[in-house]
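# Commentary on secondary and tertiary structure
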Amino acid sequence: MKSNSYNKYIGITAFGESHGKAIGVVIEDVKAGIAFPIEEIRIALNERKPGRGTFSSSRKESDTIQVLSGVFEGKTTGMPICLMVNNEDARSKDYEHLKDLFRPGHADFSYFSKFKIYDYRGGGRASGRETISRVAAAGLVTDVLAGINIKIYPIKIGKLETTDIDHTFLNELSWHDRKNFGELTKYLSDVKTEGNSVGGIIEVMISNIPAGLGDPVFEKLDANLAKAIVSIGAVKGIEFGEGFKFAELKGNETNDQMDNNGFITNKSGGILGGISTGNNLSLRFVVKPTPSINILQKTITKGNKEVSFRSLGRHDTCIIPRIIPVAKAMIKLVLADAISYQKLISSDKLNLIDYREAIDKIDEDILIALGRRQKISELIGKFKQENNLQIENRNREEKLLLGLKEKAKLWNIDESLITKIWQIIILESKKKQ
Ligand SMILES: Cc1cc2nc3c(=O)[nH]c(=O)nc-3n(C[C@H](O)[C@H](O)[C@H](O)COP(=O)(O)O)c2cc1C
């Protein structure tokens, strides 16, 4: 499963572990001749990096971006772009005590159950450092999002909530309420002294977003945003518009009525039927407290022995400020996909470059599907061999071909074309079996 890749408007493969040599990303499908946004990527990575404030992990990483390929004289060449950040301050000895046990709340137990091997140092691939790749990659879609304004800030950290938001109030926690900022820092200092951690809720407001983004039914805008954001470690829930309040409101309180100036309210948060309405897009997501804490907790070892332990590594008291740039990056990637898909189906006049782009995208999708088919075919072959089953099954092949021909009619595709393609595919997959 290509679960470290995101293949949409741009194709991304992310790699690296917290205490490995480096974290990085390979980005494909970026047009040639675009000015490479190195400065913008540097700024975004600086916002994400540890050690930026009192409540962030004290790990000291410069997170200096290295451009290994795909950029020449400051411009993209159309070739794969490889971006990499070295891990400079990994103190693996801090994690020696975790070697044989599973930290509560972290991914140790589930990774070990799945892969039977786990890089325990700094959380391995389940570390927040993984998100460097996301932030770096999103720098490449900014031009597509011109004019769209994304505001993202916490509205709750631990037990404290913002009551009076002022976006001009800037600080290390991105907390936009002057009135209780002092109270918040005192609260977080106490949590830190305890060796404990807290989570919170982050709000996102996106303005100047065009209507029509998002594609029924599996590429709905809210569904894609939800997946992108919940894929970030420690994010545990998301809501759009009135969100969970919808449960207690009545229909007449939640429907966004219209007059000839447009929508009168925006309870839906700017998305209806998975498609943007042109209203501001609003969502909120919840982040759990940092799992690694310096407080005695019970767990078990790989040998199922009960033990008590405390985390000794360097950890964020609250991950919220570090998740903000990551969530922004994921939102940018999702919006760039939606905008590019919309371009393909919109009735606005397209030019030759747009048509070629559309065809290239489809060809790539075909390649990805063929690659996946080939892999599954190999697995079927292996399974049949191991279970002494007959490799060839002409009956099933004929049935499948008939089914495909039926479907092809719906799309006005010539039956003989389907037969030709199918015969090649079957022949090739038999070679793999
Ligand atoms: C930017 C970022 C930084 C993080 N820093 C830490 C950390 O210092 N210590 C820790 O235990 N977890 C940290 N996490 C959270 C873990 O990665 C996450 O909880 C873990 O992978 C388990 O996944 P889950 O919480 O989504 O189930 C961080 C996550 C992100 C996105």
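Model, not experiment: these values are computed from the prediction.

Looking at where isoleucine 201 falls in the secondary structure, it is placed in strand β10 (residues 200-207). Judged by relative accessible area, isoleucine 201 falls into the partly exposed class, the value being 26%. Counting along the chain gives 34 residues from isoleucine 201 to valine 235, while the straight-line C-alpha distance between them is 9.4 Å. Aside from chain neighbours lying at most four places away, what touches isoleucine 201 is Tyr153, Pro154, Ile155, Lys156, Arg284, Phe285, Val286 and Ile320.

Successive side chains on a regular strand alternate, one facing one side of the sheet and the next facing the other. Of the pairings in the sheet, the one linking strand β8 (residues 149-157) to β10 comprises 8 bridges and is antiparallel in character. Residue pairing in the sheet places isoleucine 157 in a bridge with glycine 200 of β10. The pairing of β8 with strand β9 (residues 160-161) spans 2 bridges and is antiparallel. What sits directly across from isoleucine 157, in β9, is leucine 160.

Once that is clear, we can look at unusual backbone geometry. With an omega of -10°, the peptide bond running from proline 216 to valine 217 counts as cis. Secondary-structure assignment places valine 217 in the loop between β10 and α5 (221-230). Of note, glutamate 73 is a non-glycine position whose phi angle comes to about 50°, a positive value. Checked against the element boundaries, glutamate 73 lands in the loop between β5 (71-72) and β6 (75-76). The exposure class assigned to glutamate 73 is exposed, which follows from its relative accessible area of 69%. The backbone of alanine 234 sits at a positive phi, close to 80°, despite the residue not being glycine. With relative accessibility at 12%, the residue alanine 234 sits in the buried group.

A word on the pattern of salt bridges. Applying the stated criterion across every chain, the model contains 18 salt bridges. The shortest N-O distance in the salt bridge between glutamate 39 and arginine 42 comes to 2.8 Å. One end of the pair is glutamate 39 and the other is arginine 42, both in helix α1 (residues 38-48) and 3 residues apart, which spans about a single turn. Here lysine 156 and glutamate 161 are joined by a salt bridge, their closest N and O atoms 3.3 Å apart. When its relative accessible area of 26% is taken as the criterion, lysine 156 is described as partly exposed.

Looking at the ligand, there are 17 residues lining it, with Ala126, Ala234, Lys288, Ser292 and His315 nearest. Residue alanine 234 places a main-chain N or O atom 2.9 Å away from an oxygen atom belonging to the ligand. One of the side-chain N or O atoms of aspartate 316 is found 3.1 Å from an oxygen atom in the ligand. If the ligand stood free it would expose 630 Å²; the protein chains cover 87% of that surface.

Before going further, it helps to examine helix α4 (residues 181-194). In this model α4 runs 20 Å from its N-terminal to its C-terminal C-alpha over 14 residues, within 8% of the 20 Å that 1.5 Å per residue would give. Taken together, the buried positions of α4 are occupied by Phe181, Leu184, Tyr187, Leu188 and Val191. Projected down its long axis, α4 shows its buried positions confined to an angular sector of 120°, all on one face. Exposed and facing more than 90 degrees away from the buried side of α4 are Lys186 and Thr193.

Looking now at the environment of glutamate 415. Its place among the elements puts glutamate 415 in helix α10 (residues 415-432). Using a relative accessible area of 36% as the deciding quantity, one classes glutamate 415 as partly exposed. In this structure the C-alpha to C-alpha distance between glutamate 415 and leucine 404, which are 11 residues apart in sequence, comes to 8.8 Å. Setting aside anything within four residues of it in sequence, one finds glutamate 415 in contact with Lys405 and Lys409.

Let us look at the sheet that holds β10. Strand order in the open sheet formed by 5 strands is β9-β8-β10-β16-β11, with antiparallel pairing between adjacent strands. Taken across any chain shown, the strands that pair with only one partner, and hence form the sheet edges, are β9 and β11 (235-240). Here 7 bridges tie β10 to strand β16 (residues 281-287), and the two strands are oriented antiparallel to one another. Residue methionine 205 lies in a different strand from β16, and its bridge partner there is serine 282.

A few words on the sheet that holds strand β2 (residues 11-16). Backbone-to-backbone hydrogen bonds join strands into a sheet, with any given pair of strands oriented parallel or antiparallel. An order of β1-β2-β3-β7-β4 is seen for the 5 strands of this open sheet, with the pairing classed as antiparallel. Edge positions in the sheet fall to β1 (5-7) and β4 (65-69), since each of these pairs with one other strand and no more. Within the sheet, the average angular offset between the axes of one strand and its neighbour, ignoring direction, is 15°. Pairing analysis gives 3 bridges linking β1 to β2, with the strands arranged antiparallel. Counterpart to serine 5 in the pairing with β2 is threonine 13. The strands that α1 touches are β4 and β7 (81-86); relative to β4, the one it contacts most, it runs at about 135°. Along the sheet face, helix α3 (residues 131-138) touches β2, β3 (22-28), β4 and β7 and points at about 35° away from the line of β3.

The subject of this paragraph is the domain arrangement of the protein. Interfaces are frequently sized by the accessible area removed from exposure as the parts join. According to the domain assignment, the protein consists of domain 1 (5-345) and domain 2 (352-432). Using only C-alpha atoms to locate each centre, domain 1 and domain 2 end up separated by 37 Å. Of the roughly 560 Å² buried between domain 1 and domain 2, counting both surfaces, carbon and sulfur atoms make up 48%. Inspection of the domain 1/domain 2 interface yields 0 salt bridges. Run the count over domain 1 and domain 2 and you get 0 residue pairs in polar contact (both at pLDDT 80 or more). Split into classes, the residues belonging to the side of domain 1 that touches domain 2 amount to 2 nonpolar, 1 polar and 4 charged.

Thresholds, definitions, all that
Residues numbered from 1 in each chain as written. Predicted model: local features only at pLDDT ≥ 70, side-chain atom pairs only at ≥ 80, totals over all residues. Heavy atoms only, no water. Helix = DSSP H or I, 4+ residues; strand = E, 2+ residues; numbered from the N terminus. Buried < 20%, exposed > 50% of the residue type's maximum accessible area, 1.4 Å probe, protein only. Contact = heavy atoms within 4.5 Å. Pairing = 2+ DSSP bridges. Salt bridge = Lys/Arg side-chain N within 4 Å of Asp/Glu carboxyl O. Near = heavy atom within 4 Å. Polar contact = N/O pair within 3.5 Å; in protein donor to acceptor, adjacent residues only side chain to side chain. Areas by Shrake-Rupley, 256 points an atom, 1.4 Å probe, with all protein chains shown as cover. Expected span 1.5 Å × (residues − 1). Arc of directions from axis to C-beta. Axes fitted to C-alpha atoms, helices over the stretch in contact; angles between N-to-C directions. Domains from an automatic or database assignment. Buried area = accessible area lost by both parts, 1.4 Å probe. Nonpolar A, V, L, I, M, F, W, Y, C, P; charged D, E, K, R; others polar.

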